[in-house]
Amino acid sequence: MKTLCLKNISRIYSFNDRDEILENCSILTNGSKIAAIGKDISFSNETEEIDCTGLVALPGFVNTHHHLYQTLFRGIAEVQEQPLFPWLIGLYEFWKNITPDAAYYGAMVGFSELLRTGCTLTSDHHYIFPSNQPQTLIDDQITAAQEIGIRFHATRGSMSLGKNHGGLPPMSVVQTESEILEDCHRLVSKYHDNHDFSMVRIAFAPCSPFSVTRDLMLETKDLARKLGVMMHTHLAETLDEEKFCLTKYSRRPFELMEDLEWVGPDVWYAHGIFLNDRELCSLQGSGIAHCPSSNMKLNSGICRTSEIVKAGGKLSIAVDGSASNDGSNMWEEIRRAYLLNHLKYGTGGLNAYEILKVATRGGADVLGRLDTGRLDVGKAADIILFDLNKVEFAGCHDPLVALVCLGNSSFTKMTIVNGKVIAKDGQILTVNCDDVYKKAHKLATNIVAVERQRR
């Protein structure tokens, strides 16, 4: 892989251990790593020079929760304006029809949106495995990630508690514990790379307390800790979920996690809205994926973001599934996280610097990645560049405020992943997005039309 020299960047927000903010400096990459940062950097004739005068650099954004297949199920009239449980029940009837092509193109659409808006590392929570389809849908996602060039943490989701046994999902998409655990083991053996700068990692992700059994949660935990991979699930998203857990288990959602030993630095939860004071102080290194747009659209509530940070918790920002967002726009999600935080906390909320740190280093920490999410020598060459020299940013005296509050576009000037320029001025350089759109949209239209005809 060739080296790059990003010359004369106007301002670099590193979010490294020293919280350095550098002006008029350059960044030299050497393959997957940052080789040097400074004003006078020497490099060979083979190095590609990119003039970054006037640009602002940050570490790449890290998205810690998504459902990529949902990019094919946006704006379905039957389920619009519904809270979480009826929304899920309605959408399961469409999602039960996904195919390997749907997994691949849903991922490709989501990755394209994420990369153009500054995300260099994303996770995904895939838990739909129709019984009449190959059980290799995560393999299709990984193929898409490798082709487009995004750093990817695929989570092997699961549902074992179907409608016939008190859960929400239809029986056609639930699996037995043995099927789930066998595939978890297969995916780790085939894809998981725990080395620094790895492009693919696997985590295990039973869907939620209302779609899996206690036995599956326990067996998943045991296997994950045996194999050294992380664990993920939805938690404390709605009061309906809380009521479900109290009725079925006589435990609040987080109390259930404590009982199951699903707490610690190898665990992260999506949402974490309804955590009480004791629970906020008992996370023990567990991470939270804050999903502001989804929480607003589904009227779920507002995550206690500032309190999580003050309690020493690990907080990150995520776009969530596109059917509840309805996009994979990471930059916009950060803006909404900032505004929602200030709606809840007023002037005591997280400032622009803090919210961007949550979106970069915070996300990397939640996913257990100390090699990215910050700009420093020896760290991953995951870099995003912004051009704030446009009319929509005129009159703003703080670049960070400009990034979280201003602008009428969410495209980075450049998105660099693992030392390679993947997106520039809103264009993906590794795949043909027009072709992706045509194939993905046709596939999505057909799946929805067939299901509607069955009704």
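Residues numbered from 1 in each chain as written. Predicted model: local features only at pLDDT ≥ 70, side-chain atom pairs only at ≥ 80, totals over all residues. Heavy atoms only, no water.

Draft legend 1. Representation of the overall build of the protein. Each helix and strand in the protein was counted, giving 14 helices and 17 strands. Since a compact globule built from 455 residues should have a radius of gyration of about 23 Å, the 21 Å found for the protein is in line with a globular shape. Judged by the C-alpha coordinates and their principal axes, the protein covers about 65 × 45 × 45 Å. Looking at the protein residue by residue over its 455 residues, the buried ones come to 61%. Of the roughly 17100 Å² that the protein leaves accessible, carbon and sulfur atoms contribute 49%. On the protein, the mean spot of the 46 positive side-chain charges and the mean spot of the 55 negative ones are 1 Å from each other. (Helix = DSSP H or I, 4+ residues; strand = E, 2+ residues; numbered from the N terminus. Rg over C-alpha atoms; globule rule 2.2 N^0.38 Å. Buried < 20%, exposed > 50% of the residue type's maximum accessible area, 1.4 Å probe, protein only. Areas by Shrake-Rupley, 256 points an atom, 1.4 Å probe, with all protein chains shown as cover. Lys, Arg positive; Asp, Glu negative; His and termini not counted. Charge placed at Lys NZ, Arg CZ, Asp CG, Glu CD.)

Draft legend 2. View of the pattern of salt bridges. By the definition in use, this model includes 33 salt bridges. Close ionic contact of E261 with K221 constitutes a salt bridge, the shortest N to O distance being 3.0 Å. Within this pair, whereas E261 is found in the loop between helix 7 (253-259) and strand 11 (267-271), its partner K221 is found in helix 5 (residues 214-227), the two being separated by 40 residues in sequence. Across the salt bridge formed by R225 and D266, the nearest N and O atoms sit 2.8 Å from each other. Taken together, the positions of R225 in helix 5 and D266 in the loop between helix 7 and strand 11 put the pair 41 residues apart, joining distant regions of the chain. (Salt bridge = Lys/Arg side-chain N within 4 Å of Asp/Glu carboxyl O.)

Draft legend 3. Summary view of the environment of F111. Positionally, F111 belongs in helix 2 (residues 100-116). For the pair F111 and G149, spaced 38 residues apart in the sequence, the C-alpha separation amounts to 9.0 Å. Excluding residues within four positions of it along the chain, F111 makes contact with L68, T122, Q141, A144, A145, I148, I150 and F152. (Contact = heavy atoms within 4.5 Å.)

Draft legend 4. Representation of the side chain of H234 within the structure. Here H234 shows up in strand 10 (residues 231-235). In this structure H234 comes out as buried when scored by relative accessible area, which is 7%. Among the polar contacts listed, one links the side chain of H234 to the side chain of H65, at a separation of 3.2 Å. (Polar contact = N/O pair within 3.5 Å; in protein donor to acceptor, adjacent residues only side chain to side chain.)

Draft legend 5. Fine view of helix 5. Compared with an ideal rise of 1.5 Å per residue, which puts 14 residues at 20 Å, helix 5 spans 20 Å between its outermost C-alpha atoms and is within 8% of the ideal. In this structure, the buried side of helix 5 is in contact with strand 8 (151-158), helix 4 (177-191), strand 9 (200-206), strand 10 and helix 7. Backbone geometry just downstream of helix 5 places G228 in the positive-phi region, at approximately 75°. (Expected span 1.5 Å × (residues − 1).)

Draft legend 6. Layout of the pairing of strand 3 (residues 33-38). Alignment of strand 2 (residues 21-30) against strand 3, held across 5 bridges, turns out to be antiparallel. By the bridge assignment, I27 is partnered in strand 3 with I37. (Pairing = 2+ DSSP bridges.)

Draft legend 7. The arrangement of the environment of E242 in detail. Inspection of the secondary structure assignment puts E242 in helix 6 (residues 239-249). The spatial distance from the C-alpha of E242 to the C-alpha of D435 is 43 Å, given a sequence separation of 193 residues.

Draft legend 8. Spatial organisation of the side chain of N63. Secondary-structure assignment places N63 in strand 6 (residues 61-63). Discounting chain neighbours no more than four positions away, the residues touching N63 are L114, C119, L121, T122, S123, I317, A318, V319, M330 and L367.

Draft legend 9. Here's a closer look at the state of the cysteines. Per the counting criterion, the structure on display carries 0 disulfides. Free of any disulfide, C245 has its nearest neighbouring cysteine sulfur in C207, separated by 12 Å. By relative accessible area, C245 is classed as buried at 0%. (Disulfide = S-S within 2.5 Å.)

Draft legend 10. Local environment of the packing of helix 4 against helix 5. Where helix 4 contacts helix 5, the axes come no closer than 11 Å and their chain directions differ by 20°. Regarding the angle of helix 4 to helix 5, the classification is roughly parallel. Crossing of helix 4 over helix 5 shows right-handed handedness. Residues E177, I180, L181, C184, H185 and V188 of helix 4 pack against D215, L216, E219, T220, L223 and L227 of helix 5. For the contact of helix 4 with helix 5, a count of residues per class yields 7 nonpolar, 2 polar and 3 charged. (Axes fitted to C-alpha atoms, helices over the stretch in contact; angles between N-to-C directions. Parallel < 35°, antiparallel > 145°, perpendicular 65-115°, else oblique. Left-handed = near helix turned anticlockwise from the far one by under 90°. Nonpolar A, V, L, I, M, F, W, Y, C, P; charged D, E, K, R; others polar.)

Draft legend 11. Representation of the nonpolar core within the structure. Counting 122 residues, the largest nonpolar core has L58, F61, F73, W95 and L356 as the members making the most contacts within it. Here this core takes 10 residues from helix 2, the largest share from any one element. By size, the runner-up hydrophobic cluster in this structure holds 18 residues, among which are L4, L55, M414 and I416. (Core = buried A, V, L, I, M, F, W, Y, C linked by side-chain atoms within 4.5 Å.)

Draft legend 12. View of the packing of helix 2 against helix 3 (residues 137-148). Relative orientation of the contacting elements helix 2 and helix 3 amounts to 35°, with a least axis distance of 8 Å. When you trace helix 2 past helix 3, the crossing you get is right-handed. Packed against helix 2, whose contacting residues are P100, A103, Y104, A107, M108, F111, S112 and L115, the element helix 3 presents L137, D140, Q141, T143, A144, A145, E147 and I148 at the interface. Looking at the contact of helix 2 with helix 3 residue by residue, the class counts come to 11 nonpolar, 3 polar and 2 charged.

Draft legend 13. Region of the structure containing helix 11 (residues 330-345). With 16 residues, helix 11 extends 22 Å between its outermost C-alpha atoms, agreeing within 8% with the 22 Å of an ideal straight helix rising 1.5 Å per residue. Those residues of helix 11 that fall on the buried side of the exposure criterion are M330, W331, E333, I334, R335, A337, Y338, L340 and N341. Backbone nitrogen of W331 and a side-chain oxygen of the N-cap are separated by 3.3 Å at the start of helix 11; the cap is N329.

Draft legend 14. Quick look at the environment of K163. Of note, K163 is situated in the loop between strand 8 and helix 4. Between the C-alpha atoms of K163 and I89, which are 74 residues apart in sequence, the distance is 9.7 Å. When sequence neighbours within four positions are dropped, the list of residues in contact with K163 reads E93, L168, P169 and M171.

Draft legend 15. Representation of the packing of aromatic side chains within the structure. Within this structure, the stated rule accounts for 12 aromatic pairs. Ring centres of F15 and Y353 lie 4.9 Å apart, and the angle between their planes is 55°; on these two criteria the pair is classed as tilted. Here the residue F15 occupies a position in the loop between strand 1 (4-13) and strand 2, and Y353 occupies one in helix 12 (residues 352-366), the gap between them amounting to 338 residues. Residues F15 and Y353 agree in their burial class; the two are buried. Where W331 meets F386, the ring centres are 4.8 Å apart and the plane angle is 65°; that geometry is what we call edge-to-face. One end of the pair, W331, is in helix 11; the other, F386, is in strand 14 (residues 383-387), and 55 residues separate them in sequence. An aromatic cluster is built from Y69, W87, Y92, W95 and Y127, whose rings are joined through pairwise contacts. The ring of Y345 is capped by K344, whose NZ or CZ atom sits 5.7 Å from the centre of that ring. (Phe/Tyr/Trp six-rings, centres within 6.5 Å; stacked < 30°, edge-to-face > 60°. Lys NZ or Arg CZ within 6 Å of the ring centre and 35° of its normal.)

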